[in-house]
Each structure stands twice: as C-alpha cells, then as structure tokens.
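Observations on chain architecture
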Amino acid sequence: MNKQEKNKKVEELTTLLNENKNFYLADTSTITGIKINELRRICYEKKVNMSVVKNTLLRKAMEKSSNAAAFAPLYDTLIGNTAILYSSQPSDPARVMKQFRTEDYKKPVLKGAFIEESVYLGDDSLEVLSALKTKNELIADVIALLQSPAKTVIGALQSGGNKLSGIVKTLSEREEK
C-alpha cells in the first residue's frame with residue numbers, strides 16, 4: 001500500500017468515524033476463513049457493517065476525526081487484528097458478536113466500543129451493550145407505560161358502570177314486585 005492509498009484509507013475511516021456515533025472494535029484473530037464468512041453473513045442479515053482495518057490507519061483516522069479526544073481511551077486497544085463493526089442501532093453489533101459465539105468458541109472478542117460519546121473497554125462490556133434497547137423498543141416501552149394508567153382507569157370505570165347498572169336494575173325489579 002503506497003502513501004496515497006494509505007491517505008485515502010485514513011480519509012475514508014475518518015469519514016466513517018464522523019458519520020457513525022456507534023462502532024465496535026473486535027479481535028477477529030484466529031477465526032478461520034469459513035467462520036469469518038459466517039460472521040459476515042450474520043452481519044449482513046442484521047444490517048451491521050464489518051471491515052478489518054489496520055491499527056495505525058485507524059488510529060490516524062481517530063486522531064483526525066471530530067471526536068478525537070473521546071477516542072483516546074480506545075488507542076490502547078489497537079493491537080493485533082482489529083475489525084470495526086458499526087450499525088445505525090447501537091446494540092446490533094454486540095448482539096451479532098454474542099450470537100456468533102458458542103460455548104467452545106469465544107471469538108470475536110470485544111476490544112472496545114464507542115456508543116453515543118461513551119467508551120466501553122473490554123469484553124466484559126459485551127453483555128451490557130447487547131442489552132441496550134433500540135430507539136423503537138424504548139418508544140414502545142414509553143407508550144406501554146403511558147397507556148397502563150389509562151387502561152386501569154377505563155377498566156375501573158367500565159366495571160363500576162356494570163355494577164351500578166346491575167344495582168339499578170335489581171332495585172327497579174324490586175319496586176315492580
């Protein structure tokens with residue numbers, strides 16, 4: 001790779017980092033070609049983009065990006081084989097990594113993640129990140145919470161109305177007798 005190609009790749013990575021608020025850095029070393037193709041297929045199905053990057057080029061892109069100061073804790077993770085995974089939903093790459101893993105196969109390993117101005121380091125964060133709710137899931141939760149009291153009040157009014165009408169009907173039948 002000559003200097004022009006490297007500069008072009010750094011610019012592409014810088015644009016990618018500036019446009020995506022969420023990305024994951026993973027160690028994909030020792031994953032066989034067949035397994036990496038399986039991982040790429042899962043990524044494609046879940047609309048997660050994945051590409052293997054050179055650490056030095058990624059670090060230069062991080063330093064040139066608009067969030068350079070926020071990326072500083074991730075510099076130490078740029079060792080060995082690094083793949084960058086990103087998606088519009090912050091939890092999707094973590095869910096893909098978790099889905100790909102099996103009991104006897106613990107790759108890919110999460111090196112670090114940048115989610116909405118927050119940095120997560122280490123594979124221990126994968127469980128927390130995969131549990132993050134998407135925007136649509138949060139909206140559904142809020143709507144359910146807002147509807148719950150209204151449903152309770154409506155249910156109480158309806159049951160109370162049925163009881164009241166039953167009492168009135170019984171009283172009217174007694175008067176007629």
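Residues numbered from 1 in each chain as written. Predicted model: local features only at pLDDT ≥ 70, side-chain atom pairs only at ≥ 80, totals over all residues. Heavy atoms only, no water.

**Notes on the environment of leucine 39**
- Mapped onto the elements of the fold, leucine 39 is located in helix H2 (residues 33-45).
- A C-alpha to C-alpha distance of 9.6 Å links leucine 39 and arginine 101, two positions 62 residues apart in sequence.
- Among all residues touching leucine 39, those that are not within four sequence positions of it are Met50, Val96, Phe100 and Pro108. (Helix = DSSP H or I, 4+ residues; strand = E, 2+ residues; numbered from the N terminus. Contact = heavy atoms within 4.5 Å.)

**Regarding the sheet that holds strand S1 (residues 22-27)**
- Taking strand neighbours across the sheet as the criterion, the five strands line up as S2-S3-S1-S4-S5 in an open arrangement whose pairing is antiparallel. Only two strands of the sheet have a single neighbouring strand rather than two, namely strand S2 (49-53) and strand S5 (118-121). Put simply, the sheet's adjacent strands are angled 20° from each other on average, direction ignored.
- Pairing between S2 and strand S3 (residues 82-86): five bridges, direction antiparallel. Along S3, the bridge assignment pairs valine 52 with alanine 83. (Pairing = 2+ DSSP bridges. Axes fitted to C-alpha atoms, helices over the stretch in contact; angles between N-to-C directions.)

**Some words on the nonpolar core**
- Judged by nonpolar contacts, the single largest core of 21 residues is most densely connected at Tyr24, Leu39, Cys43, Met50, Leu85, Leu110 and Leu129.
- Each residue touching leucine 129, except ones within four places of it in the same chain, is listed here: Tyr24, Ser91, Ala94, Leu110, Ala113, Ile115 and Tyr120.
- Within the second largest apolar cluster, 18 residues are counted, among which are Leu17, Leu57, Leu74 and Ile84. (Core = buried A, V, L, I, M, F, W, Y, C linked by side-chain atoms within 4.5 Å. Buried < 20%, exposed > 50% of the residue type's maximum accessible area, 1.4 Å probe, protein only.)

**Structural notes on helix H5 (residues 92-100)**
- Listed as buried for H5 are Asp92, Pro93, Ala94, Val96, Met97 and Phe100.
- In this fold, the buried residues of H5 make contact with S1, H2, S3, strand S4 (109-115) and helix H6 (126-130).

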